[in-house]
Every structure is written in structure tokens, then in C-alpha cells.
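Residues per chain are reported as follows:
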Amino acid sequence: MQDFERTFIMLKPDAVQRGFIGEIISRLERTGLTLIAMKFMQMPDDLAKEHYAEHVGKPFYEKLVTYITSGPVLPMVWEGANAVDMARKILGATNPQNAAPGTIRADYGQEIGRNIIHGSDSKTSAKREINLFFSESELVSFSKIDAPWVHE
Ligand code: IDP
Ligand code: MG
């Protein structure tokens, strides 16, 4: 069994508004990744700016902050073997137009500025993003009953 890691995944306002919360969580759940934390919130401006700090100064930055604060989001933490890379593959490329068929962004999105879902791009980002949205006591790590049927 590989070492477990954690990743930060967030359903963006378009996923919430278009009614895809349940479907997208199901797709993540059925891979065997374990959901250990979730919230439903309207992201305050300062949190949005901190979350996307690496993009300050880029041409799309202002619109990105407007988009992500324009409606409720659903931040989550998922745990599992190689969770960061695995989740990025399930999400697909940043631009839904370039995302492989069967990925979430390809199956639910049309444009890069409305790409449905966020996922951490590295273990370091995951740690930073998890800490931005959740306190340690909100991370509910537990053993799932199906673990021996998911992991060798
Ligand atoms: P990622 O979400 O796949 O990690 P990043 O390059 O980190 O992609 O960009 C963060 C977010 O900023 C994207 O998910 C998307 O919502 C938005 N974004 C990135 N590039 C563009 C762009 O060229 N136009 C509009 N929005 C963009
Ligand atoms: Mg990114």
C-alpha cells in the first residue's frame, strides 16, 4: 500500500449553480479516494486573493477573483494514495477545451474561465490550501471499511 496523501479540491461557483455537486462528488468518491473534510461557503474576497496569490498580475487575475467569489463554493479535502496527482488527472487540463474526454473539466465545462473545479497542483500547494480553508480539527481522517478492497 502506498503512503496516503491529502489534496484540496473545490467545486467552483459554476459547478454549484449548475447543480453538479452530487455528480462530481460521486465521481471522486467512486475512485476510492476518501473525503475527510468539506464546507459550503461564499468565499470572502481576502481568502480568494490568498488562495490565488500565485496569479497576481496575470491578465486573468481580476476576473478569476470575481468568478470564484461570485457564488457559493464547496471546498473539500480528499485523502488517498497519490491523491494530488490522481485528482489532477480526474479533473483534467485547466482549459476544458484541452481536457481529455472523461475528465470532470471536459465533461462539465466549456471555457477556461468557467472550469468547474479546483485541485491542488503539488503536495506543497495542497498543504497550503488545506490550511487556508480548514483547521486541523476539521480534518476527519478515518479508516474506510472498503480499504482492503481498494488497496492491495
Ligand atoms: P489550475 O486550476 O488547473 O491549477 P491555474 O493555471 O493554476 O490552473 O489557474 C487557476 C485558475 O485560473 C484556473 O483554474 C482558471 O479558473 C483560471 N484561469 C487560468 N488561466 C486562465 C485564462 O487564461 N483565462 C481565464 N481564466 C484562467
Ligand atoms: Mg493551479
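Refer to the structure above for everything that follows.
Residues numbered from 1 in each chain as written. Chains lettered and ligands numbered in written order. Predicted model: local features only at pLDDT ≥ 70, side-chain atom pairs only at ≥ 80, totals over all residues. Heavy atoms only, no water.

Caption draft 1: The arrangement of the site of ligand 1 in detail. Around ligand 1, the neighbouring residues are K12, Y52, H55, F60, L64, R88, T94, R105, I112, G113 and N115. Here an oxygen atom of ligand 1 and a side-chain polar atom of K12 are 2.9 Å apart. N115 places a side-chain nitrogen or oxygen 2.8 Å from an oxygen atom of ligand 1. Relative to its unbound accessible area of 530 Å², ligand 1 is 78% covered by the protein chains. The pocket occupied by ligand 1, as judged from atoms lying within 2 Å of grid points, is the largest pocket. Residue composition of the shell around ligand 1, by class: 4 nonpolar, 4 polar and 3 charged. (Near = heavy atom within 4 Å. Polar contact = N/O pair within 3.5 Å; in protein donor to acceptor, adjacent residues only side chain to side chain. Areas by Shrake-Rupley, 256 points an atom, 1.4 Å probe, with all protein chains shown as cover. 1 Å grid on protein atoms, 1.4 Å probe; cavity = no way out; pocket = protein on both sides within 12 Å on 5 of 7 lines; lining within 4 Å. Sits in = over half its atoms within 2 Å of the grid points. Nonpolar A, V, L, I, M, F, W, Y, C, P; charged D, E, K, R; others polar.)

Caption draft 2: Local environment of the packing of aromatic side chains. Taken as a whole and judged by the stated rule, the model has 2 aromatic pairs. Here the aromatic rings of F8 and F133 are separated by 4.6 Å at their centres, their planes lie at 25°, and the arrangement is stacked. Taken together, the residues span a long stretch of sequence, with F8 in strand 1 (residues 4-11) and F133 in helix 7 (residues 123-133) at a distance of 125 residues. Pair check on accessibility: F8 and F133 agree, each one buried. Ring geometry for F20 against Y108: centres 4.7 Å apart, planes inclined by 55°, an arrangement best described as tilted. Highlighted residues: F20 in the loop between helix 1 (13-17) and helix 2 (21-29) and Y108 in helix 6 (residues 104-108), separated in sequence by 88 residues. (Phe/Tyr/Trp six-rings, centres within 6.5 Å; stacked < 30°, edge-to-face > 60°. Helix = DSSP H or I, 4+ residues; strand = E, 2+ residues; numbered from the N terminus. Buried < 20%, exposed > 50% of the residue type's maximum accessible area, 1.4 Å probe, protein only.)

Caption draft 3: Here's a closer look at the layout of surface pockets. Roughly 590 Å³ of volume is contained in the largest pocket. Lining the largest pocket are 23 residues; nearest its centre among them are K12, F60, L64, T94 and N115. At the level of secondary structure, the elements contributing two or more residues to the lining of the largest pocket comprise helix 4 (61-68) and strand 5 (117-119). Top contributing element to the lining of the largest pocket by residue count: helix 4, with 4 residues. Partitioning the lining of the largest pocket into residue classes produces 5 nonpolar, 9 polar and 9 charged. (Points joined across faces, edges and corners; volume = space filled by probe spheres on them.)

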